[in-house]
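Notes for the structure review
If you want the building blocks of each chain, they are given just below.
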Amino acid sequence: MSKQSESKQSESKAGRKESFTVVGTRPLRPDGEDKVTGRARFGADVTAPGMLIGRTLRSPHAHARIRAIDSAKAEALPGVKAVVTSADFGEVSDGMRDTLHNSMAHGKALYEGHVVAAVAASSAAVARQALALIEVDYEVLPHVTDVEKSMEAGAPLLHETLITVGEDPAASTPSNVAARHEFGHGDVEKGFAEADIIVERTFRTEATHQGYIEPHSCLANFSSDGYAELWGCTQGHYMIRDVCAELLDIDVSRLRVTASEIGGGFGGKTVVFLEPVALALSRKSGRPVKMTMSRDEVFKGSGPTASSCNWVKIGVTKDGRITAADALLKYQGGAFPGSPVEFGAMAAFACYGLEHVRAVGYDVVCNRPKQAAYRAPGAPMIVFAVESIIDELALKLAMDPIELRLKNAAKEGDKSSYGPRYGQIGLVPTLEAAKAHPHYAAPLGPNQGRGIAAGFWFNFGGMTSTNLYVGGDGTVTLAVGTPDIGGSRASLCQMTAEEFGIAYDKVRAVVADTSSLGFNDVTDGSRVTFSSGLAAIKSARQAIADMCRRAAQIWDIPVEAVTWENGYAKPSGANAGNFEPLSMAQIAETAANTGGPIGGHHEVNADGAGVSFGVHIADVEIDPETGRPTVTRYTVIQDAGKAVHPAYVEGQYQGGAAQGIGWALNEEYIYGDDGRLQNAGFLDYRIPVASDLPMIDTQIIEIPNEGHPYGVRGVGETPIVPPLATVANAVSHAIGVRMDQLPLSPPRILRAIDSRDVAEAAE
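Because the structure is a prediction, the values reported are computed rather than measured.

If you trace the backbone, Gln659 turns up in helix α20 (residues 646-665). A polar contact of 3.5 Å, which involves the side chain of Gln659, links it to the backbone oxygen of Gln210. Ignoring any residue separated from it by four or fewer positions in sequence, one finds Gln659 in contact with Gln210, Phe266, Tyr374, Arg375, Glu667 and Ile720.

Burial along strand β10 (residues 228-232) is one-sided: Ala228, Leu230 and Gly232 are buried, while Glu229 and Trp231, pointing the other way, are not. Bridge analysis of strand β9 (residues 217-222) against β10 gives 5 bridges, and the strand direction is antiparallel. From the neighbouring strand, Cys218 faces β10, where its bridge partner is Gly232. In sequence, β9 turns back onto β10 through a hairpin of 5 residues, with Gly226 there showing a positive phi of about 90°. Bridge count between β10 and strand β11 (residues 255-259): 5 bridges; the pairing is parallel. Looking at β11, one finds that Gly232 is bridged to Ala259. With helix α8 (residues 237-247) bridging β10 and its parallel neighbour β11, the resulting β-α-β unit is right-handed.

So, on to α20. With 20 residues, α20 extends 28 Å from end C-alpha to end C-alpha; this agrees with the ideal 28 Å at 1.5 Å per step. The element α20 is largely enclosed, with a buried count of 15 among its 20 residues.

Before going further, it helps to spend a moment on the sheet that holds β11. One open sheet accounts for 7 strands, arranged β3-β5-β1-β12-β9-β10-β11; its pairing is mixed. Strands at the two margins of the open sheet, each flanked by one partner only, are β3 (80-84) and β11. If you compare each strand with its neighbour and ignore which way they point, the axes differ by 20° on average. Bridge count between β3 and strand β5 (residues 115-121): 4 bridges; the pairing is antiparallel. Looking across to β5, one finds that Ala82 is bridged to Ala120.

Let us now look at the state of the cysteines. One pass over the full model with this rule turns up 0 disulfides. The thiol sulfur of Cys233 is not disulfide-bonded, and the nearest other cysteine sulfur, from Cys218, lies at 7.9 Å.

This part is about the packing of aromatic side chains. Within a pair of aromatic rings, the relevant descriptors are the distance that separates the centres and the angle that separates the planes. By the definition in use, this model includes 19 aromatic pairs. Both rings, one in Tyr418 and one in Phe458, keep their centres 5.0 Å apart while their planes meet at 80°; by these two values the pair is edge-to-face. Of this pair, Tyr418 sits in the loop between α13 (401-408) and α14 (427-436) while Phe458 sits in the loop between β16 (448-457) and β17 (462-470); the two residues are 40 residues apart in sequence, bridging distant segments of the chain. You can call Tyr418 buried: its relative accessible area is 15%. Classification of Phe458 by relative accessible area gives buried; the value is 13%. Through pairs of rings, three or more aromatic residues link up here, namely Phe343, Tyr418, Tyr422, Phe456, Trp457, Phe458 and Phe613. If you follow Lys269 out to its NZ or CZ, it ends over the ring of Tyr212, 4.6 Å from the centre.

Over its 13 residues, helix α21 (residues 723-735) extends 18 Å from the first C-alpha to the last, a length consistent with the 18 Å expected when each residue adds 1.5 Å. Counted residue by residue, α21 has 12 buried out of 13 residues, so it is predominantly covered. Looking only at α21, the buried set comprises Pro723, Leu724, Ala725, Thr726, Val727, Ala728, Asn729, Ala730, Val731, Ser732, Ala734 and Ile735. Where α21 ends, the next residue or the one after it, Gly736, has phi of about 75°, a positive value.

Criteria and thresholds
- Residues numbered from 1 in each chain as written.
- Predicted model: local features only at pLDDT ≥ 70, side-chain atom pairs only at ≥ 80, totals over all residues.
- Heavy atoms only, no water.
- Helix = DSSP H or I, 4+ residues; strand = E, 2+ residues; numbered from the N terminus.
- Polar contact = N/O pair within 3.5 Å; in protein donor to acceptor, adjacent residues only side chain to side chain.
- Contact = heavy atoms within 4.5 Å.
- Buried < 20%, exposed > 50% of the residue type's maximum accessible area, 1.4 Å probe, protein only.
- Pairing = 2+ DSSP bridges.
- Right-handed = clockwise from strand over helix to strand, strands pointing away.
- Expected span 1.5 Å × (residues − 1).
- Axes fitted to C-alpha atoms, helices over the stretch in contact; angles between N-to-C directions.
- Disulfide = S-S within 2.5 Å.
- Phe/Tyr/Trp six-rings, centres within 6.5 Å; stacked < 30°, edge-to-face > 60°.
- Lys NZ or Arg CZ within 6 Å of the ring centre and 35° of its normal.

Encoded structure:
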């Protein structure tokens with residue numbers, strides 16, 4: 001029997017492997033010891049001989065025209081080797097202009113913290129002195145930091161040439177609205193006419209930061225021969241290479257980028273900030289240049305997620321059938337177009353199978369730092385609104401909130417609210433698991449409320465390349481191009497070991513640099529375990545087929561008479577008893593005589609990532625005197641397709657929930673009337689710490705994804721989608737007032753309680 005025939009027998013009719021030995025276990029992560037002992041090299045750990053220190057000069061104004069920059073005094077300071085401004089960058093394509101202008105202000109500073117110049121000096125102290133000597137002549141302009149005010153007629157224009165895309169009829173005058181997006185089907189007006197109960201509200205959320213512990217850092221080394229190297233903490237070093245090559249007008253083959261270990265990203269390190277500036281300084285100085293952001297710079301100059309204002313209207317019949325759903329989303333994406341409002345409009349009603357549905361989103365610019373992805377970008381804000389309305393409708397119907405969701409839940413074959421029809425999905429099993437969970441039936445105490453919400457994310461495959469090599473000792477080295485931000489090296493080693501039929505510790509995964517492997521998309525969209533795993537499996541199968549061919553050559557039998565089982569090539573059929581099985585090590589030892597080194601590779605633009613659904617339950621207790629909310633119990637239930645490493649899947653669930661709880665209760669960007677950020681540090685921008693959180697329970701549901709050989713779905717995005725609504729629903733039940741603005745701070749909760757008391761007294 002050929003290897004291919006044997007493989008078909010070990011898989012399901014749908015082509016999926018159904019029984020596993022290594023996949024589904026919980027081995028130690030391969031990078032764990034390096035990280036706990038300090039051996040791991042993060043962005044700021046990289047050094048080079050003769051290295052200079054780079055620092056940036058940032059605008060103190062929210063909006064200002066740059067009339068002139070005089071750097072002569074800074075350049076004359078001993079120890080200063082280079083100063084760069086926008087004049088040191090050339091013209092770029094339209095698609096890259098915003099990226100360049102965000103990295104270095106051209107003509108105008110568009111937010112407080114916008115880089116206007118940078119220096120490279122022999123020490124950090126000299127660099128700071130040099131910054132103080134750079135003279136910038138600003139013309140301060142009116143600013144706007146609120147999304148709704150930015151959309152008003154007469155609002156200060158950030159870009160005099162920005163014309164709204166997607167309007168009908170087409171827009172012809174400049175505004176701060178970059179684009180309009182619309183999704184849906186059916187006739188919402190007809191649907192609302194069929195409703196017995198309609199609820200509509202407006203909900204607001206503030207911008208929040210990803211809160212990664214490691215700030216942005218990179219080291220650039222531009223050689224005199226025109227070649228350059230860059231090391232840094234990033235979720236996508238191929239993206240860094242391609243973007244920086246264009247911004248500095250060099251061939252991509254002349255720039256080699258290596259991803260360091262990364263101290264958190266969550267989407268915030270999927271964009272370019274310091275890297276082109278460091279390269280420009282290195283090119284100008286002829287020396288390596290290292291740049292690391294301060295925490296203040298991280299908050300003011302790197303991307304948080306968007307703030308939003310969302311109106312939602314949903315109608316239902318008396319028996320709980322949703323007849324229509326409508327939403328208007330307004331997201332600001334900072335000073336440049338590109339807020340995640342399109343994703344938000346797509347995700348708004350994705351949990352429900354609806355006949356009449358519409359979601360319209362507006363991408364708006366404001367005088368704030370350019371937003372970056374934060375896990376499921378755009379989804380948490382609108383799902384907060386939608387799931388709050390669903391909760392309110394359940395109250396009006398006197399219906400269990402899970403029952404209402406089950407009655408309307410999207411199922412296989414349903415047309416999604418954003419267009420495609422769903423394949424095999426796990427929303428209904430996830431809702432049913434939530435209803436059956438002990439948490440859902442547990443009693444509540446005084447001043448406590450329970451909330452529930454569902455959430456969705458698309459997931460993504462993308463361009464992926466892997467390469468593996470079988471060593472002479474039978475071990476496997478797997479090279480991937482996707483930085484590990486959540487334990488993906490362990491998962492990829494597990495899938496590779498599973499395919500070969502060898503132990504997990506016989507496989508080692510390394511993240512290759514951009515010159516060592518084909519292109520890989522950024523580590524985002526919950527794509528890595530799916531797409532890199534798919535490519536690793538295909539690479540392993542290629543190597544296995546090669547080893548079967550070599551075994552046939554050694555035994556002098558047809559390759560069709562060789563099977564692969566548990567790390568061994570075995571003769572089959574009439575030859576079964578004539579030869580001893582050959583291990584991977586034995587085959588590799590003789591590789592020089594059978595064709596040379598043994599390896600496998602696979603390149604793919606992966607489709608079929610499989611959408612993801614999750615349901616969260618939260619209990620919250622409110623201190624009636626202070627308004628302080630405390631989450632006392634939290635449960636995450638989510639479909640993982642197939643949990644390759646269950647401990648890491650649970651960790652993703654818990655991490656998303658923790659970040660979502662912080663977003664719901666504490667976190668927000670606070671701007672003053674002067675357009676300046678008031679809380680640019682972890683002292684004033686308060687992310688949750690351990691004492692703020694309960695133990696977060698998890699339950700993994702496994703509804704296989706038909707697009708992956710092992711049934712894998714991405715899991716990292718969805719856990720941050722339901723928490724905002726889950727916690728808000730719990731608080732709303734605890735105090736008897738519908739909360740429609742985040743964060744749910746004690747003063748805001750106290751005001752709601754007071755308004756409730758006033759209303760009750762007036763009745």
